[in-house]
Each structure stands twice: as C-alpha cells, then as structure tokens.
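# Structural overview for review
What follows is each chain in one-letter form.
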Amino acid sequence: MTQKQMLVRLALIAAIPFLAGLPSAFAQESHVGNLTGHANEGKQLYRRYCIGCHGPEGDSNGENAPWIDPKPRDFTAATFKCRSTPTGTLPTDQDLYNAVQRGFVTTNMPSWNPLTPQQRVDLVAYVKTFSPRWKTEKPGTPINIPAETPVTIESILHGRELFQKMECWKCHGPSGHGDGPSAATLTDSKDNPIRPYNFSTGSRFKCGETNQDLYRIFMTGLDGTPMPSFADVIKPNDAWDLVHFLRTLQTLRTQEATLWKNYQAAHGAEIKPIGPDAGGGQ
Amino acid sequence: MKRNLLLLLATLVLLVGVTNAGSPAPPATATVSGKVTYTGTPPKMKPIDMAKEPSCAKQHATPVTTENVMTGPENALEFVVVYISAGDTPGAAPTEVARYDQKGCQYIPHVLPMQVGQVLQIFNDDQTSHNIHPLAKVNPEWNKSQPAGSAPIDTKYDKPEFIPVKCNIHPWMHGYFVVLNTAHYSITGQDGSFSLKGLPPGKYTLTAWQEQYGTQTQEVTLAAGETKAVNFAFKALPY
C-alpha cells in the first residue's frame, strides 16, 4: 500500500462520523418554498408562543394542556393529522408549515398568520427535533391528486353512494352532523374522546377549506384519530365524486349544494335515505 | 506509526471474521416448553352487544365476550406470548405470512405474534366496513379503512413492539400485534401450553407476555438437544 492510498483510506474513515451525522443535521432544518428554517431560531419562538400548550418537551404537557380539548399535539410521537402524505408516514415541511399558518378549526390551536413566514419555518424546524423519527425516516411521498372532475348531479349521486358504501355515516351521521351510531364511542390514539367532523358547522375543515384539502383529508386520513385513510379503497376520480357530495352536507351556497337542492326538489321521492336501512355495509 | 496502526486494525478485522466463521453452528435442537397458568381470581369476561352491527351480531349464536383475560381448564391462561427476549440471534424474516382476520366483528386471532419484517396480511371477512387502526408508538401509527369485499392489506413492522389494534367503528374490537425480534416464540392455546423448538444450546431469557398482566421472565440454560420444562404463573386480579 502506498502512502497516498493509506492517506485516502484514513480520510474516508475520518469522514464516516460526519456522513452519518448528515440526516440529523437535516432534521434541524426545514425547507418550505425558498425559505430555510433553523431549529435554534425556532426554539426561541416555541418558548414564547407554543410552550404553554405543547410543553417544554413537546409532549403536549404544557401548563394549559389539562384545560384543552382536543389535547395539543404531542410532537414526540411525530403523528400528525394534516398531511399530504400517506397514513403512517411523516408529513412534509410544507404540511407542518400549513398547519401552523392555518391553525385548527374547532380546537384551541389558532392561526399563526401574525408570525412571519420565516418564523413559521423556524418553528417547523424546531418541532421536528422532538421525535427521533425525523432523523431516521423521510417524509412520505405526497399522494397524487388528479385534476378535479366536473361538478355534475351524477358525480354528487355517486359520491352519495360512496358515503353510504364506505360507511362514512357510521361516525359522521346520515346528514353529516357528526352524529352517527359510532360517534359517541370515538377516542383518539391517547384514549381521549373525540368528535367526528360536523359538516353543517361551517366552511372550514381541520386541514383546510378547498376541495383539494377535502380530497386529501379522507385519502390520507387524520393520523392519531379514528379517521382512517381511504386511499386504498377509493379510486381517484371516485374520490372527487365523494368531495362533491360532502359539499352538499355543508350549509353553504355552493355549486354542489344548488345542484343537489334542485335535484331533491325534482326527485325527492326516489332518494333513498342514508343509513343502516339503505343497504350496503349491512 | 501509521503503518503499525493499520496493521493492528487489519488484524482486528481478521480476528473478528475468524471467530464468526470459524466455529461450526451448534445443532439447533433444544426445546423449552411448559404451561402458563394464573393464581387468584381472573375477571369475568363481559358479553359484547353487537346490536349496532346486525351483520356481525347474527354470526354469533351466543354473544361473544371481551378477550383480555381468557382462561382454560386447570387455571390455564390463553393468548400468552412466550418468546426468547435475550440470547437469541434474530434471523431473517420468515416468508410465511402472518394472517389477521376481521370476522364477526372480532379479531382472529385475538393476539397475533409475528417477526420483525414478516409480511402481515389483514383480511376483512365481514359484510361491513372496518377501519384497522394499530396504535403503534415505536413503529409508525397508521389507520386504514377496509370496506366489505376489499383486498387484504399487506404490511409489516420494522421494530419490535406490542401494538394494540382497534377498530374505531366497532369500539368493542380489540386485539394485539406482537412484533418480536426472534423466530422463537409461541402463543398459548386454551390449555395454556407453549413450546419453543429448534433452539441452539445456550443461555436464554424467556419472557411471557399477557396483555393485562404484563410480562414475566425466567433464565434458562439449554444443552444441545435438551428439552426443558418452564412454567409461568400470573397473579390474576378480578378487575
């Protein structure tokens, strides 16, 4: 072995700890658009804005937590509701960023829009330091959402069939009021009681308000809650039909709601009620 | 100096290689078997009311009960996983598929032991939707809907863990995935008996796990081809 070869080998051996350290260095950073977040900066912001509920260890044991329902997110579990990625995988930085920006409707988590985008990416970087999963795993690949299909009465009717067949009504109720037969027994993964979403309460969902958000919610599921992923059992275009039907459950003057109202007026007698007696799932 | 250091490293690497490859594998023929029992009074299992799911209710002539402490004749404890928790070298995952069924709104088997990396296939044999929700903490937690007639779910777990499984739609459904880092495990039947076969001679820690009563361990040393009897007794409380 020549002196040169030996030196090269030694250099390689010396580099191993640094190479192995790379993923953990990445875990201290977050990337959203062309912004890069840093955990060190995020830590200061976290201690000012988030610690009260999420706790100094990020384990949802902040001093306000006992009085909050639903409970604050436990970052040490790295299980997140609002993801663009398949169930069981880590969310993307963008997903976490969106959650901080949007807040969670019907919970105590406000929108953190008053913070600057840079501050929000920094927070995302810091939140990712609470679980070792961010060092060993990569975020999942976001699910593919095809272009939305046209809103037609056929689409709504098919979506309604899916709502019956997939037994969405078991929790969300036949008219989407969150009052299905299983609703009262639901608990989250920490055994705290949790309510299914009531579609008549407004225009916002936990994970956004657009049709794309709605599509994403039921295809990826809300991890840590009873809401499962339907990605394996609903085909992409059928999923748009379900989105269109779900829109008719909201008390909004949407295109879908108008179509559905007109159809109901003309064909009211033909519409079978949703629920245990409608067949499908029985 | 540098050369000496390299030489030393090379010798070390060689030595490790030789000790690993040099000794012939001892015959894996030892067996440890025994029985798991309880002392005291176990709780009465509660009947489950499946009236909310008629398609499941009609599959059971008499109501099924909860299954967290299942007992058999002569104080036997069922659904106890007995496995080697230390002293065993984990082999490659078996090609055999671990099968889990949802049938009559129950999990069959109630407790499913499997190896790290083994393929797990989950079937819905019912005429109703289930959502299969393994509450993993060490492994990733996922939650998938499986409507009647849909394809089985293929998955696996990469880390050893005792994972409670539930269906949120049917809150009475409870089960366990027991993911183990060893090929040597056994689950007790109604008679409480278990048997771990094909063990190489050595010193092992044997662990018995019951979902409500936790774990018990015993040390066992096996000679080649030896068969040893080891029994476990859990203290049962009526609540």
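Just above sits the structure.
Small disclaimer: the values here were computed from a predicted structure and weren't measured.

Criteria and thresholds
Residues numbered from 1 in each chain as written. Chains lettered and ligands numbered in written order. Predicted model: local features only at pLDDT ≥ 70, side-chain atom pairs only at ≥ 80, totals over all residues. Helix = DSSP H or I, 4+ residues; strand = E, 2+ residues; numbered from the N terminus. Contact = placed C-beta atoms within 7 Å. Buried ≥ 20, exposed ≤ 12 C-beta atoms within 10 Å, placed from the backbone. Pairing = 2+ DSSP bridges. Axes fitted to C-alpha atoms, helices over the stretch in contact; angles between N-to-C directions. Nonpolar A, V, L, I, M, F, W, Y, C, P; charged D, E, K, R; others polar. Core = buried A, V, L, I, M, F, W, Y, C linked by C-beta atoms within 7 Å.

## Digging into the overall build of chain A
Counting its regular elements, chain A contains eleven helices and two strands. Walking chain A from its N terminus toward its C terminus, one meets helices and strands in the order α-β-β-α-α-α-α-α-α-α-α-α-α. Sequence-distant contacts in chain A: of pairs separated by 6 or more residues, those separated by 24 or more amount to 62%.

## Here's the deal with the overall build of chain B
On a plain count of helices and strands, chain B comes out with two helices and 19 strands. Out of the 239 residues belonging to chain B, those deemed buried represent 36%. If you take every contact in chain B between residues at least 6 apart in sequence, the share linking residues at least 24 apart comes to 66%.

## Thoughts on the sheet that holds strand β9 (residues 130-134) of chain B
Residues and elements named next belong to chain B. The strand order across the open sheet formed by five strands is β7-β13-β12-β9-β10, and the pairing between neighbours is mixed. In this open sheet, the two edge strands, each paired with only one partner strand, are β7 (111-115) and β10 (144-146). On average, each strand axis in the sheet is tilted by 25° relative to the strand beside it, whichever way the strands run. Summarising the sheet, β9 and strand β12 (residues 161-166) pair through two bridges and their orientation is antiparallel. Paired with P134 across the two strands is V165, which belongs to β12.

## Some points on helix α10 (residues 236-248) of chain A
Across the 13 residues that make up α10 of chain A, a large majority, ten, are buried. Buried residues of α10 of chain A: A239, W240, D241, L242, V243, H244, F245, L246, R247 and T248 of chain A, and no others.

## A look at the interface of chain B and chain A
Contact with chain B, which involves 26 residues of that partner, is made by 26 residues of chain A. Among the elements of the structure, α1 (2-22), α2 (54-57), β9 and β10 of chain B are those that each provide at least two residues to the side of chain B that touches chain A. Counting residues per element, the side of chain B that touches chain A draws most heavily on β10 of chain B, which supplies three residues. Grouping the amino acids of the side of chain B that touches chain A by side-chain chemistry returns ten nonpolar, eleven polar and five charged.

## Comments concerning the nonpolar core
In this structure, V124, F163 and L242 of chain A are the most contacted members of the largest nonpolar core, which totals 50 residues. Put simply, the parts of the chain that give this core at least two residues each are α4 (93-102), α5 (117-127), α7 (153-165), α9 (211-220) and α10 of chain A. Leaving out residues up to four positions away in the same chain, F163 of chain A has contacts with C168, W169, L242, F245 and I274 of chain A. Among the nonpolar cores identified, the runner-up in size contains 48 residues, and V32, V82, V178 and L199 of chain B belong to it.

## Digging into the environment of R120 of chain A
All names here are of chain A. Here R120 lies in helix α5. Look at R120 and you get buried, because 24 C-beta atoms sit within 10 Å. Residues R120 and L45, spaced 75 residues apart in sequence, show a C-alpha to C-alpha distance of 8.9 Å. Among all residues touching R120, those that are not within four sequence positions of it are Y97, V100, Q101, W112 and L115.

## Considerations on unusual backbone geometry
The residue after D69 of chain A, namely P70 of chain A, is reached through a cis peptide bond having omega -5°. Within the secondary structure layout, P70 of chain A lies in the loop between α3 (51-54) and α4. With an omega of -5°, the peptide bond running from I108 of chain B to P109 of chain B counts as cis. Relative to the helices and strands, P109 of chain B is located in the loop between β6 (106-108) and β7. Even without a glycine there, the phi angle at E167 of chain A is positive, about 60°. Since 26 C-beta atoms lie within 10 Å of it, E167 of chain A is described here as buried. Look at F79 of chain B: it is not a glycine, yet its phi comes out positive at around 60°.

## Focus on the sheet that holds strand β4 (residues 81-86) of chain B
Residues and elements named next belong to chain B. Spatial ordering of the open sheet is given by β14-β4-β16-β17, a layout of four strands whose pairing is antiparallel. Looking along the sheet, the strands with just one partner apiece sit at the ends: β14 (185-187) and β17 (214-222). The mean angle between the axes of side-by-side strands here comes to 25°, regardless of whether they run parallel or antiparallel. Here nine bridges tie strand β16 (residues 202-210) to β17, and the two strands are oriented antiparallel to one another. Looking at β17, one finds that Q210 is bridged to G214.

## With respect to the environment of D74 of chain A
Residue and element names in this part refer to chain A. Here D74 lies in the loop between α3 and α4. Residues D74 and C53 lie 21 residues apart in sequence; the distance between their C-alpha atoms is 9.9 Å. Discounting residues that sit within four places of it in the chain, D74 has contacts with D59 and S60.

## Details of the environment of H174 of chain B
All names here are of chain B. Of note, H174 is situated in strand β13 (residues 174-180). Separated by 108 residues in sequence, H174 and T66 have C-alpha atoms that sit 8.3 Å apart. The contact partners of H174, leaving out residues within four places of it in the chain, are P164 and K166.

## Quick look at the pairing of β13 of chain B
Residue and element names in this part refer to chain B. Burial analysis of β13 places six of its seven residues in the buried class, the great majority of the element. By the bridge criterion, five bridges tie β7 to β13 in an arrangement that is parallel. Of the residues in β13, the one forming a bridge with Q115 is L180. With six bridges joining them, β12 and β13 adopt antiparallel strand pairing. Directly across from E161, in β13, lies its bridge partner V179.

No statement about biological role is implied by the geometric values presented.
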